[in-house]
Amino acid sequence: MRMRELEKASGVGRETIRYYIREGLLPEPMRASRNSAFYSEEHVARLKLIKQLQEERFLPLSVIRNVLDAKEGARWLGPQAFPRLDALLAGQLKPGGPRRRLADIMIEQGFPVDYADGHVETGMIGIDADGQLLPADAAILDTLKALWDLGFDRANGFMPEDLKLFVDLIDWLVAQEIKMFFGHVPGMVGEAQAAEMALKGVVLINELLAQLHNRAVLKTLGERKMVANDNVGAETG
């Protein structure tokens, strides 16, 4: 890919990318000539990881360089491990349907536009340069609207930034899942079997997360009730 495509895929500007290359945080691109450079998916993955380490862990570049250079940390970034896996999964995991403009959906649903804009700012939903949503983001917006209709709305104090914890949690969790997958599977099975493992694993892990979430809700509510009863007993004792 060209520099402009790398900027779009990673969300990082070209001057920063060039700085990272000079500092050894990114590998040199392939060059067909002095003024023609080509970048790979490894560059995209490394740039996203650098952003994550900066924004979530506030690590300085000197520490990030050590993380990237560490044998364990670099293994899952290697482009030689299942290079076609993303293409094999894309058709199965990406929801179908056309892109739609966020503003049009807001009008149809009667959803406050500024509230939806807040979810764009937190990363809960994403839009392209034309203000259009991908099908996956449209589905997320439908769920957010259902929560709004249920009472998780601005009038009751529920703001987009309150739900950002789910975005942060999922981003962190998926990063750990990908590292674990690429830390164990490459070299053990072929790419087709790895794709099947990943696809079915996503479904099963989604089910597992729902089960763990339900159990944790019941457990926490039970603990809350016990604390409340203990407080009432102390007041009346």
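What counts, and where the lines are drawn
- Residues numbered from 1 in each chain as written.
- Predicted model: local features only at pLDDT ≥ 70, side-chain atom pairs only at ≥ 80, totals over all residues.
- Heavy atoms only, no water.
- Core = buried A, V, L, I, M, F, W, Y, C linked by side-chain atoms within 4.5 Å.
- Buried < 20%, exposed > 50% of the residue type's maximum accessible area, 1.4 Å probe, protein only.
- Helix = DSSP H or I, 4+ residues; strand = E, 2+ residues; numbered from the N terminus.
- Contact = heavy atoms within 4.5 Å.
- Axes fitted to C-alpha atoms, helices over the stretch in contact; angles between N-to-C directions.
- Left-handed = near helix turned anticlockwise from the far one by under 90°.
- Nonpolar A, V, L, I, M, F, W, Y, C, P; charged D, E, K, R; others polar.
- pLDDT = per-residue confidence, 0-100.
- Patch = residues over 30% accessible without salt bridge, like charges linked within 9 Å, V, L, I, M, F, W, Y side chains within 5 Å.
- Areas by Shrake-Rupley, 256 points an atom, 1.4 Å probe, with all protein chains shown as cover.
- Salt bridge = Lys/Arg side-chain N within 4 Å of Asp/Glu carboxyl O.
- Lys, Arg positive; Asp, Glu negative; His and termini not counted.
- Charge placed at Lys NZ, Arg CZ, Asp CG, Glu CD.
- Polar contact = N/O pair within 3.5 Å; in protein donor to acceptor, adjacent residues only side chain to side chain.

The subject of this paragraph is the nonpolar core. Formed by 17 residues in total, the largest nonpolar core has its most connected members in Ile17 and Leu47. Among the secondary structure elements, those contributing two or more residues to this core are helix 1 (3-10), helix 2 (14-22), helix 3 (41-57) and helix 4 (61-69). Those residues in contact with isoleucine 17, other than ones at most four positions away along the chain, are Met3, Leu6, Glu7, Ser10, Val12, Leu26 and Leu47. Counting 14 residues, the second-largest nonpolar core is a separate cluster that includes Leu102, Tyr115, Met124 and Trp148.

Here we come to the packing of helix 8 (residues 113-122) against helix 10 (residues 160-184). Put simply, helix 8 and helix 10 touch, their axes get as near as 9 Å, and they point 35 degrees apart. Crossing geometry of helix 8 relative to helix 10 is assigned as right-handed. Mapping the contact onto sequence places Tyr115, Gly118, His119 and Thr122 in helix 8 and Pro160, Glu161, Leu163, Lys164 and Val167 in helix 10. Its residues placed into classes, the contact of helix 8 with helix 10 shows four nonpolar, three polar and two charged.

The next subject is the confidence of the model for the protein. Should the pLDDT be low somewhere, the predicted coordinates at that spot are not to be read in detail. On average, the protein scores 83 in pLDDT, and the residues at 70 or more come to 89%. Model confidence for the protein, summarised as mean pLDDT per element, is weakest for helix 5 (residues 71-75) at 48 and strongest for helix 2 at 91.

Another aspect to go through is a negative patch on the surface. A cluster of acidic residues, Asp117, Glu121, Glu161 and Asp162, forms a negative patch on the protein surface. When residues of the negative patch are traced back to their parent elements, those giving at least two are helix 8 and helix 10.

This part is about the side chain of serine 10. Here serine 10 is to be found in helix 1. We classify serine 10 as buried; its relative accessible area is 6%. A polar contact is formed between the side chain of serine 10 and the backbone nitrogen of valine 12, at a distance of 3.3 Å. Among residues more than four places away in sequence, those in contact with serine 10 are Ile17, Leu47, Lys48 and Lys51.

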